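Letter by letter, the chains look like this.
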Amino acid sequence: MRVLIADDQEMLREVFDAMLSREQMLVTLAHDLESALIEIARSVTFDLILLDYHMPGMDGLNGVRRALEESKGARVALMSGNLPQHIVRDALHIGAAGFLPKKLPAKSYVSAIRSMASGEQLNLSDADAGVAQPTAPQCTDQRLTSREALVLQQLETGKSVSEIATELGLKEITVNFVVKTLCRKFETQDTAAAVECAKKAGLL
């Protein structure tokens, strides 16, 4: 399966690359819409093109339309940290294969990408996907990057830094940095407390 991931966040591109490559998918990365269209033009075909709604060049749904026009028959889907439902519905109406929020568990991403590539249309908005939103004010700075969310999910299972690095295809120094960032965000001294705080905030 060939997948094009277009997002302006380098860390997120790295996470997708590692995650999907482990599933034997051929991954191509792009940092904005124009570079994504270049990759589409030079490729034989992709099974799925996944675009960040807020990256440079998108111009709202116009970017989706351009990608659909030049996709060579590939399915085109959207992802974002958060999108109003009317925008998601409009995207699906013009032919998008689906919408994925950026805080999905890794396994959910893989499953959703396979489903959309095979022809299914998905709307995994935060509410529909059952992804809890921050509800408790006890923990400060509850906004997490996609990489922080993935590391946090691994920490919840009790995995060590080296195990998380292997699982996500990252360097240990990178995981250590993310762990320290999580502890700082949740104002905790250790990872167990950060995980507990995340649970209370509805992030796990």
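For the structure itself, look to the data block above.
A few points on the structure. Predicted model, so just to flag it, every value in this text is computed and none were measured. (Residues numbered from 1 in each chain as written. Predicted model: local features only at pLDDT ≥ 70, side-chain atom pairs only at ≥ 80, totals over all residues. Heavy atoms only, no water.)

**As for the overall build of the chain**
Each helix and strand in the chain was counted, giving 10 helices and six strands. The globule rule puts the C-alpha radius of gyration for 204 residues at 17 Å, and the 17 Å found for the chain is close to it. Once the C-alpha set of the chain is aligned to its principal axes, its extents read approximately 50 × 35 × 25 Å. Taking all 204 residues of the chain together, 50% fall into the buried category. Here the chain has roughly 9,900 Å² of accessible surface; of this, 50% comes from carbon and sulfur atoms. Positive and negative side-chain charges of the chain, numbering 22 and 27 respectively, have mean locations separated by a distance of 1 Å. (Helix = DSSP H or I, 4+ residues; strand = E, 2+ residues; numbered from the N terminus. Rg over C-alpha atoms; globule rule 2.2 N^0.38 Å. Buried < 20%, exposed > 50% of the residue type's maximum accessible area, 1.4 Å probe, protein only. Areas by Shrake-Rupley, 256 points an atom, 1.4 Å probe, with all protein chains shown as cover. Lys, Arg positive; Asp, Glu negative; His and termini not counted. Charge placed at Lys NZ, Arg CZ, Asp CG, Glu CD.)

**Points about the side chain of Thr188**
Relative to the helices and strands, Thr188 is located in the loop between helix H9 (172–185) and helix H10 (191–200). In terms of polar contacts, Thr188 uses its side chain to reach the backbone carbonyl oxygen of Asp190, at 3.4 Å. Contact partners of Thr188, with chain neighbours within four places excluded, come to Cys183, Ala193 and Ala194. (Polar contact = N/O pair within 3.5 Å; in protein donor to acceptor, adjacent residues only side chain to side chain. Contact = heavy atoms within 4.5 Å.)

**Points about the nonpolar core**
Buried together is how nonpolar side chains tend to be arranged in soluble globular proteins. Grouped together as the largest cluster of nonpolar side chains are 44 residues, with contacts concentrated most on Phe16, Leu20, Leu100, Ile113, Val151 and Phe186. Considering each element in turn, this core owes the most residues, seven residues, to helix H5 (residues 106–117). Listed in part, the 26 residues of the second largest apolar core include Leu51, Tyr53, Val64 and Leu92. (Core = buried A, V, L, I, M, F, W, Y, C linked by side-chain atoms within 4.5 Å.)

**Some details on the sheet that holds strand E3 (residues 48–52)**
The parallel open sheet is built from six strands, whose spatial order is E2-E1-E3-E4-E5-E6. Single-partner strands in this sheet number two, and they are strand E2 (26–30) and strand E6 (122–123). Pairing of strand E5 (residues 98–101) with E6, which is carried by two bridges, proceeds in the parallel orientation. Within E6, the position partnered with Phe99 by the bridge is Asn123. (Pairing = 2+ DSSP bridges.)

**A word on unusual backbone geometry**
In this structure, Asp59 is a non-glycine residue whose phi angle is positive, near 50°. Of note in this structure, Lys72 is not a glycine but carries a positive phi near 60°. Summarising the element assignment, Lys72 is placed in the loop between helix H3 (61–69) and strand E4 (75–80).

**Details of the side chain of Ser146**
Among the secondary structure elements, Ser146 is positioned in helix H7 (residues 146–156). Other than its neighbours up to four places away in sequence, Ser146 contacts Leu12 and Lys102.

**Digging into the environment of Gln24**
Locating Gln24 in the fold gives a position in the loop between helix H1 (10–21) and E2. Judged by relative accessible area, Gln24 falls into the exposed class, the value being 66%. Sequence separation between Gln24 and Glu196 is 172 residues; the distance between their C-alpha atoms is 34 Å.

**Observations regarding the packing of aromatic side chains**
On inspection of all chains with the given rule, the structure shows one aromatic pair. Taken together, a centroid distance of 4.9 Å and an interplanar angle of 75° make the contact between Phe16 and Tyr109 edge-to-face. You can see Phe16 sitting in helix H1 and its partner Tyr109 sitting in helix H5, a full 93 residues away along the chain. There is no split in this pair, since Phe16 and Tyr109 are both buried. (Phe/Tyr/Trp six-rings, centres within 6.5 Å; stacked < 30°, edge-to-face > 60°.)

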